[in-house]
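Remarks on the overall topology
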Amino acid sequence: MAIREILEFPDPRLRTQARAVEEFDGQLANLVEDLFETMYQEQGIGLAATQVNEHVRVLVMDTSDERNRPMAFVNPEIIERDGTQVYEEGCLSVPGIYAKVERAEQVRVRARHPDGTAFETELDGLSAVCLQHEMDHLAGKLFVDYLSPLKRQMVRKRLEKARRQDNRVPSAT
Ligand code: QAP
Ligand code: CO
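Fair warning: this is a prediction, and the values are worked out from it, not measured in the lab. (Residues numbered from 1 in each chain as written. Chains lettered and ligands numbered in written order. Predicted model: local features only at pLDDT ≥ 70, side-chain atom pairs only at ≥ 80, totals over all residues. Heavy atoms only, no water.)

1. Focus: unusual backbone geometry
Stated formally: Per the convention used, a helix needs a DSSP run of H or I reaching at least four residues, while a strand needs a run of E reaching at least two, with both numbered from the N terminus. Between buried and exposed lies partly exposed: a residue is buried under 20% and exposed over 50% of the maximum accessible area for its type, with that area taken using a 1.4 Å probe on protein chains only.
Looking along the chain, the bond that leaves Phe 9 and enters Pro 10 is cis, with omega of 5 degrees. By secondary structure assignment, the location of Pro 10 is in the segment before helix H1 (26-41). Positive phi outside glycine occurs at Asn 53, with the angle close to 65 degrees. Its location among the elements puts Asn 53 in the loop between strand S1 (46-48) and strand S2 (58-61). Among the residues examined, Asn 53 registers a relative accessible area of 33% and is labelled partly exposed. Backbone geometry at Asn 75 places phi at a positive 50 degrees, although glycine is not the residue there. By the element assignment, Asn 75 lies in strand S3 (residues 71-82).

2. With respect to the coordination of the cobalt ion (ligand 2)
Let me state the cut-off plainly: A donor here means an N, O or S atom no more than 2.8 Å from the metal, or no more than 3.2 Å when the metal is Na, K or Ca. Since water is not included, a site may seem to lack partners.
Bound to the cobalt ion (ligand 2) are the protein donor atoms Cys 91 (SG), His 133 (NE2) and His 137 (NE2), situated 2.1 to 2.2 Å from the metal. Every donor residue of the cobalt ion (ligand 2) comes from the same chain, spaced as C-x41-H-x3-H. Of this pair, Cys 91 sits in the loop between strand S4 (85-89) and strand S5 (99-103) while His 137 is found in helix H2 (residues 125-138), placing the two residues 46 residues apart along the sequence. Relative accessible area serves as the criterion here: at 0%, His 137 is assigned to the buried category.

3. Some thoughts on the side chain of Arg 57
Worth spelling out the cut-off: Positive charges come from Lys and Arg alone, negative charges from Asp and Glu alone, with His and the N- and C-terminal ends not counted. By salt bridge we mean one thing: a side-chain nitrogen of Lys or Arg within 4 Å of a carboxyl oxygen of Asp or Glu. Throughout, a contact is declared for two residues whenever any of their heavy atoms are within 4.5 Å.
On the secondary structure map, Arg 57 appears in the loop between S1 and S2. Glu 77 provides the closest opposite charge to the buried, unpaired Arg 57, separated from it by 5.0 Å. Setting aside its immediate chain neighbours within four residues, Arg 57 contacts Ala 18, Arg 19, Ala 20, Val 21, Phe 73, Val 74, Asn 75, Pro 76, Met 135 and Leu 138.

Function-wise, these values are silent; they only describe arrangement.
Pasting the structure below:
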């Protein structure tokens, strides 16, 4: 069990296409544990393996208020989408930035549990947004890609500035 470091925009490694999981072994179980641990530690509702520099098709989410409904998806595929919704999204890889994104209102997902057993489930509302956002990460896509190039440039500048301020030496007052 370990908290993993999260890659931040515009790190080019966030653009990597994840490959399908073929071995449902202890290494996969470890990765899933680390993703949950890192997501809960950072107060996230979803985290994709891509964000911790592991380029395999694995994501975790917990959109419950009590933070007691962990869900893991290995090799997820959306097999049906219905309707549209707009939600103000954020991302642990784009800290402090939020923007509205339009996505499907309801999705039917086929995936595997970390032990390799297949399942299907239907998600709607916030859970559907989160699943689509995390699946984008596995394809190397970020929610800021839905913004205009100008807005994306502004996001990049704001993050650079925030990092400069975080890294500066404390003043002697
Ligand atoms: C994706 O995002 C998501 O900027 C998961 O300072 C977001 O967990 C799906 C977070 C919204 C659906 C709706 C972001 C935490 C967490 C930040 C997250 C931050 C601290 C984002
Ligand atoms: Co994200």
